[in-house]
Amino acid sequence: MSDTVSPWVRRYAPLIPGGEVLDLACGSGRHSRHLAALGHAVVAVDRDNEALAAAAGPEITTTEIDLEQEGAAWPFGPERFAGIVVTNYLHRPLIADMLASLAPNGVLLYETFADGNAQFGKPSNPAFLLQPGELLEWARTHGLRVVAFEDGVTDTPKAAMVQRLCAVKPDFPRVAALLPPF
């Protein structure tokens, strides 16, 4: 797995207001370290204890949780996080509770594989692939305002079909959505 910060996360992470950020399915912590460098306290969650050991660092609290385990419950309360970052992970039963944990002015950065990825390799199971417009539907259903959305093929770090979303809760001020240049 690459240690390079996703260009999507690098581009939109500066929009996250001050406060605690959740890096869900954090792996070895590439985004946790980036978010901590931006001044956030980070809660880094993964089910892989070895990956969490690599993710640990200043301003990063690592937590081993298998949210896909039978009977697992979302462990975080409502409106806790200024930002939530998820890359290369999809477990639909978490979505409503995860989005409820976003602060009223919070930012969601989500990037993962989409339908059509089988032509590039794994994941190819539809359970792990976003359907067309699925991230946009989440935003609509949960009252988020879309700042940016992409749906298509990327070649970095490897060829894949992906969807990407940067969305904000209603209290996020429109003037704070200062979009960086390409």
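Right above here is the structure, for reference.
Cut-offs used in this document
- For every chain, the first residue of the written sequence is number 1, and numbering continues from 1 onward in sequence order.
- Under the rules for a predicted model, residues below a pLDDT of 70 receive no local features and side-chain atom pairs below 80 are neither given nor counted, while totals for whole chains, interfaces and linings still include all residues.
- Values reported for side chains reflect all heavy atoms of the structure, with hydrogen atoms and water molecules removed beforehand.
- What counts as a helix is a DSSP run of H or I of at least four residues, what counts as a strand is a run of E of at least two, and both are numbered from the N terminus.
- Radius of gyration means the value over C-alpha atoms here, while the globule rule gives 2.2 Å times the residue count to the 0.38 power.
- When accessible area is computed with a 1.4 Å probe and restricted to protein chains, residues below 20% of their type maximum are described as buried, those above 50% as exposed, and intermediate ones as partly exposed.
- Residues count as neighbours in contact if any of their non-hydrogen atoms are within 4.5 Å of one another.
- Only the protein chains shown count as cover for residues, and the accessible areas themselves come from Shrake-Rupley with a 1.4 Å probe.
- Under the convention used here, Asp and Glu are negative, Lys and Arg are positive, and both His and the chain ends fall outside the count.
- To locate a charge, take atom NZ for lysine, CZ for arginine, CG for aspartate or CD for glutamate.
- The term salt bridge refers to a side-chain nitrogen of Lys or Arg lying within 4 Å of a carboxyl oxygen of Asp or Glu.
- Residues grouped as a nonpolar core are buried Ala, Val, Leu, Ile, Met, Phe, Trp, Tyr and Cys residues, joined through side-chain atoms within 4.5 Å.
- When DSSP finds at least two bridges between two strands, those strands are taken to pair.
- Every axis corresponds to a line fitted to the C-alpha atoms, with the helix fit spanning only the stretch in contact, and the corresponding angles, defined between N-to-C directions, vary from 0 to 180 degrees.

**With respect to the overall build of the protein chain**
So, point 1. Of regular secondary structure, the protein chain possesses five helices and seven strands.
So, point 2. Scanning the protein chain from its N terminus toward the C terminus, one meets helices and strands in the order α-β-α-β-α-β-β-α-β-α-β-β.
So, point 3. Here the C-alpha atoms of the protein chain give a radius of gyration of 15 Å, agreeing with the 16 Å that 2.2 N^0.38 yields for 182 residues.
So, point 4. Within the protein chain, the proportion of its 182 residues that are buried is 46%.
So, point 5. If you take every contact in the protein chain between residues at least 6 apart in sequence, the share linking residues at least 24 apart comes to 56%.
So, point 6. Of the roughly 8,900 Å² of accessible surface on the protein chain, 54% is carried by carbon and sulfur atoms.
So, point 7. If the 14 positive side-chain charges of the protein chain are averaged to one point and the 21 negative ones to another, these points end up 6 Å apart.

**Considerations on the pattern of salt bridges**
Oppositely charged side chains are able to pair whenever their charged atoms sit close together.
So, point 1. Scanning the entire structure with this criterion turns up five salt bridges.
So, point 2. Linking Glu-137 and Arg-140 is a salt bridge whose minimum nitrogen-to-oxygen distance equals 2.5 Å. Residue Glu-137 and its partner Arg-140 are located together in helix H5 (residues 134-141), separated by three residues, close to a single helical turn.
So, point 3. Here the residues in one salt-bridge network are Glu-111, Glu-150 and Arg-164, joined through shared partners.

**Digging into the nonpolar core**
So, point 1. In this structure, Leu-22, Leu-24, Met-98, Leu-108 and Tyr-110 are the most contacted members of the largest nonpolar core, which totals 29 residues.
So, point 2. At the level of secondary structure, the elements contributing two or more residues to this core comprise strand E1 (21-24), strand E2 (42-46), strand E4 (81-87), helix H4 (95-100), strand E5 (102-113), H5 and strand E7 (160-168).
So, point 3. Apart from the residues lying within four places of it in its own chain, the contact partners of Leu-22 are Val-43, Val-45, Trp-74, Phe-76, Phe-81, Gly-83, Ile-84 and Val-85.
So, point 4. Counting 24 residues, the second-largest nonpolar core is a separate cluster that includes Val-21, Ile-60, Val-85 and Val-107.

**Quick notes on the sheet that holds E1**
Each strand in a sheet pairs with another by means of backbone hydrogen bonds, the pair being arranged parallel or else antiparallel.
So, point 1. The strand order across the open sheet formed by seven strands is E3-E2-E1-E4-E5-E7-E6, and the pairing between neighbours is mixed. With partners counted over all chains shown, the strands left at the sheet margins are strand E3 (60-64) and strand E6 (145-154), one partner each. Here the strands of the sheet are splayed against their neighbours by 15° on average, with no regard to which way each runs.
So, point 2. Those strands touched by H5 are E5, E6 and E7, and its axis lies near 20° from that of E7.

By themselves, these figures tell us nothing about what the structure is for.
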